[in-house]
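For reference, the chains in residue letters:
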Amino acid sequence: MIPPKPPARPDKVSLGRYMRLFRQDILSAQPARLYRAWMAEFKTPFFRSFLMNQPELVDEVLKQRPDDFPKSSRISEGLRPLLGDSVFLTNGETWKRQRRIIDPAFEGGRLRDTFPAMWQAAEACVARMQGQAGQEVEVEEITSHAAADVIFRTLFSLPIEHEVASQVFHQFRAYQREQPILNIAAFVPLPRWMPRFHSRKTKATAKEIRALITQLTTEKMAQIEAGTAPDDLATKIMTTADPKTGERFSTQEMVDQVAIFFLAGHETSASALAWTLYLLALYPEWQEKLAAEAQVLGAPEFSVMSKLRLSRDVFREALRLYPPVPMMVRQATCPERFRDREVPEGSQIVLSPWHLHRHERLWDNPDGFDPTRWATENGKKCQREAYMPFSAGARVCTGAGFAMVEGPLILSMILRTYRVERIEGRDPVPVAHLTVRSKDGIWLRLVRR
Ligand code: HEM
């Protein structure tokens, strides 16, 4: 069985129909030719956007000339009330300075220090699942809880049960329900002058979340000043001075960063883990291999990660088939010529992990689930040139290394104790919300081993 793929729309539809389809789901609003095209243009009455699928073009935009293709301001508009000037939205000098302060906290060595906190979150997840054994469960709910726990424990040394942490988690859920689609502003053919209203409720929720995060950050600052702060990611970031200017983040600026770490770090990992569990229910022979491999888990030592190879290959394959961030948008700051086509200044450049990862002219068996592909010539070449679940180049996800430890670890911990089984007639249908999610959740039967 091929893992679920959303139906493509017919090649030609009216603009009105396209917009309606788009509102429902970005993935099924696209025509099937995008799985074969190197580049495609979406013409709308107000602006032009170009999807880039050719590895050389993606490389040029993300790796060779990132400064000429900054983040599209159309995306920032939608997220500004929640994220302020966070590293996810800024461009130019501000962004460069923020990355200089944040990046050291996510370096390889620090990952090792963060590992015990991740381990505890994984154990807590398995313990919470105990009451659900034998039942049909919605796994996005489970993985979302687990990923949020990882963020609070690694960033603030707080478990998700902590009162403020738990409030942040629940408020974020409310926020996402109110504003389900992250990238929509970038495609929807509305002119720039048309105001985009945030509902009063969305704004109020964003304000509450920010107040809670401000509380955590202020408390952390007090601990740092008193010399009692635990050595976690927030402490590291807040005590790191920009090597160029010597400045540190103000509390306000740190609040912006914490908001994005939470949002970017928990929704994405939760989505990836939930899809991986579903794929394993679809391919029980792989699930058994991972459960056997998970027997190596003993003491919480970082070195165990090098033994969870199959878990890593499977997680990587799930990120290929269901990249949590399905599309990214940049803006051309000067006129370009790509594949003999004029790309005017101000055009939206769409990079689509979703289409690139299933490109029919690049991948062997593009829609199939095959974790052994990473050892093949085609898999290796495509991993270098056509695989970007974490984006690529200067703006690559800061949490990529973190996520590649967290994912396989939680997966192995769960499978050591439980088996997940597919429920006939309840296969998930992927749709792009804030991340790639399933239309009605991902339901599986949980069985204790
Ligand atoms: C499976 C998990 C994850 C996936 C698939 C993922 C994917 C991505 C992608 C595709 C981007 C680039 C978005 C764009 O250019 O528009 C990004 C950016 C970012 N991610 Fe992740 N991410 C994951 C986990 C995390 C974690 C765990 C953290 C932090 C704890 C994190 C923090 C960030 C930040 C701060 C950025 C902005 C970087 C910048 O613009 O300079 N992510 N992520």
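All of these numbers come straight from a predicted model, not from anything done at the bench.

**Regarding the overall build of the protein chain**
Okay, step 1: For the protein chain, the helix and strand inventory stands at 16 helices and 11 strands.
Okay, step 2: Residues classed as buried in the protein chain amount to 57% of the 449 residues present.
Okay, step 3: Considering only contacts in the protein chain between residues 6 or more positions apart, those separated by 24 or more positions represent 75%.
Okay, step 4: By element, 52% of the accessible surface of the protein chain is carried by carbon and sulfur atoms, the whole surface being about 18,600 Å².

**Looking at the coordination of the iron atom of the ligand**
Okay, step 1: Donor atoms from the protein around the iron atom of the ligand number only one, C397 (SG), found at 2.3 Å.
Okay, step 2: Within the secondary structure layout, C397 lies in the loop between α15 (377-385) and α16 (400-417).

**What to know about the site of the ligand**
Okay, step 1: Taken together, 25 residues lie around the ligand, and W95, R99, R330, R395 and C397 are the ones closest in.
Okay, step 2: At 2.7 Å, a side-chain N or O of W95 approaches an oxygen atom of the ligand.
Okay, step 3: Separating an oxygen atom of the ligand from a side-chain N or O atom of R330 is a distance of 2.8 Å.
Okay, step 4: Residue assignment for the shell around the ligand shows that the elements contributing at least two residues are α4 (92-102), α11 (251-282), β4 (328-331) and α16.
Okay, step 5: Per-class residue counts for the shell around the ligand are 15 nonpolar, 6 polar and 4 charged.

**Considering the pattern of salt bridges**
Okay, step 1: Taken as a whole and judged by the stated rule, the model has 32 salt bridges.
Okay, step 2: The residue R65 makes a salt bridge to E336 at a minimum N-O spacing of 2.7 Å. Residue R65 is located in the loop between α2 (55-64) and α3 (73-83), and its partner E336 is located in strand β5 (residues 336-338); the two are separated by 271 residues in the primary sequence.
Okay, step 3: Bridged by salt links that share partners, the residues E136, R419, E421, R426 and R445 form one connected network.

**Some thoughts on the sheet that holds strand β11 (residues 443-448)**
Adjacent strands of a sheet pair through backbone hydrogen bonds, lying either parallel or antiparallel.
Okay, step 1: If you trace the 3 strands from one edge of the open sheet to the other, you get β3-β11-β8, paired in antiparallel fashion. The two strands at the open ends of the sheet, each matched to only one other strand, are β3 (136-138) and β8 (418-422). Each neighbouring strand pair of the sheet contributes to a mean axis angle of 45°, computed without reference to strand direction.
Okay, step 2: Across 3 bridges, β3 lies against β11 in antiparallel orientation. Pairing of E136 across the sheet is with R445, part of β11.
Okay, step 3: Where α11 meets the sheet, it contacts β8 and β11, and its direction lies at approximately 75° from that of β8.

**Examining the UniProt feature "binding site: heme" (unreviewed entry) in the protein chain**
Okay, step 1: The residues that UniProt annotates with the feature "binding site: heme" (unreviewed entry) are C397.
Okay, step 2: With relative accessibility at 33%, the residue C397 sits in the partly exposed group.

**Brief notes about the packing of α11 against α16**
The geometry of a pair of packed helices is captured by two quantities: the angle between their axes and the separation between those axes.
Okay, step 1: Interaxial distance between α11 and α16 falls to 10 Å at its minimum, and their mutual angle equals 40°. By the angle class used here, α11 and α16 are oblique. By crossing handedness, the relation of α11 to α16 is classed as right-handed. Taking contact as the criterion, the partners of S269, L273, T276, L277 and L280 in α11 are, on α16, A403, E406, G407, I410, L411, I414 and L415.

**Topic: α16**
Okay, step 1: Counted at 1.5 Å a residue, the expected span for α16 with its 18 residues is 26 Å, and the 27 Å between its end C-alpha atoms agrees.
Okay, step 2: The buried fraction of α16 amounts to 16 of the 18 residues, a majority that puts the element mostly inside the structure.

**Looking at the environment of A211**
Okay, step 1: On the secondary structure map, A211 appears in helix α9 (residues 200-226).
Okay, step 2: Judged by its relative accessible area of 47%, A211 falls in the partly exposed class.

**Some remarks on helix α12 (residues 284-293)**
Okay, step 1: W286, Q287, L290, A291 and E293 are the residues of α12 that are buried. Taken around the axis of α12, the buried residues stretch over an arc of 160°, which confines them to a single face.
Okay, step 2: Structurally, α12 contributes buried residues whose contacts are with α11, α13 (309-321), α16 and β8.

**Some words on the nonpolar core**
Nonpolar side chains in soluble globular proteins tend to end up buried together.
Okay, step 1: Counting 133 residues, the largest nonpolar core has M52 and I237 as the members making the most contacts within it.
Okay, step 2: In terms of residue count, α11 provides more of this core than any other element does, 18 residues in total.
Okay, step 3: The contacts of M52, once residues within four sequence positions are left out, are W38, M39, L57, V58, F338, I349, V350 and L351.

**Some points on the pairing of strand β2 (residues 48-52)**
Okay, step 1: In terms of burial, β2 is largely enclosed, as 4 of its 5 residues are buried.
Okay, step 2: One ladder, built from 4 bridges, connects β2 with strand β7 (residues 348-351); its direction is parallel. Considered in β7, the bridge of L51 is made with V350.

Conventions we followed
In this numbering scheme, every chain counts its residues from 1 along its sequence in written order. Local features in a predicted model are, by the rule used here, given only for residues with pLDDT of at least 70; side-chain atom pairs are given and counted only at 80 or more, and totals for whole chains, interfaces and linings are based on all residues. Note that the side-chain values use all heavy atoms of the structure and ignore hydrogens as well as water. A run of DSSP states H or I qualifies as a helix once it reaches four residues; a run of E qualifies as a strand once it reaches two. Both are numbered from the N-terminal end. Exposure is judged per residue with a 1.4 Å probe applied to protein chains only, and the accessible area is read against the type maximum: over 50% gives exposed, under 20% gives buried, and values in between give partly exposed. It only takes one pair of heavy atoms within 4.5 Å for two residues to be counted as in contact. The protein chains shown are the only cover counted for residues, whose accessible areas, like all others here, come from Shrake-Rupley with a 1.4 Å probe. The donor definition counts N, O and S atoms within 2.8 Å of each metal and applies 3.2 Å to Na, K and Ca; water is not among these atoms, so some sites may look incomplete. Consider each residue's heavy atoms; a residue with any of them within 4 Å of a molecule or strand counts as near. In protein, a polar contact requires one atom able to donate a hydrogen and another able to accept it; more generally it is a pair of N or O atoms within 3.5 Å, and residues adjacent in sequence count only if both atoms are side-chain atoms. We call Asp, Glu, Lys and Arg charged. Ala, Val, Leu, Ile, Met, Phe, Trp, Tyr, Cys and Pro are nonpolar, and the rest, Gly among them, are polar. Salt bridges are defined as contacts in which a side-chain nitrogen from Lys or Arg sits within 4 Å of a carboxyl oxygen from Asp or Glu. When DSSP locates at least two bridges between a pair of strands, those strands are taken to pair. Axis angles are defined between N-to-C directions and span 0 to 180 degrees, where every axis is a line fitted to C-alpha atoms and, for a helix, only to the segment in contact. UniProt positions are given in the numbering used here, feature names are shortened, and annotations may be inferred rather than shown by experiment. If an angle is under 35 degrees, it is roughly parallel; if it is over 145, roughly antiparallel; if it lies from 65 to 115, roughly perpendicular; otherwise it is oblique. Handedness of a crossing is defined here by the sense of rotation of the near helix relative to the far one, left-handed for an anticlockwise turn of less than a right angle and right-handed for a clockwise turn. Helices are assigned an expected span. That span is 1.5 Å times one less than the residue count. Arc definition: it is the arc formed by the directions from the helix axis to the C-beta atoms. In this description, a nonpolar core means a group of buried Ala, Val, Leu, Ile, Met, Phe, Trp, Tyr and Cys residues linked to one another through side-chain atoms lying within 4.5 Å.

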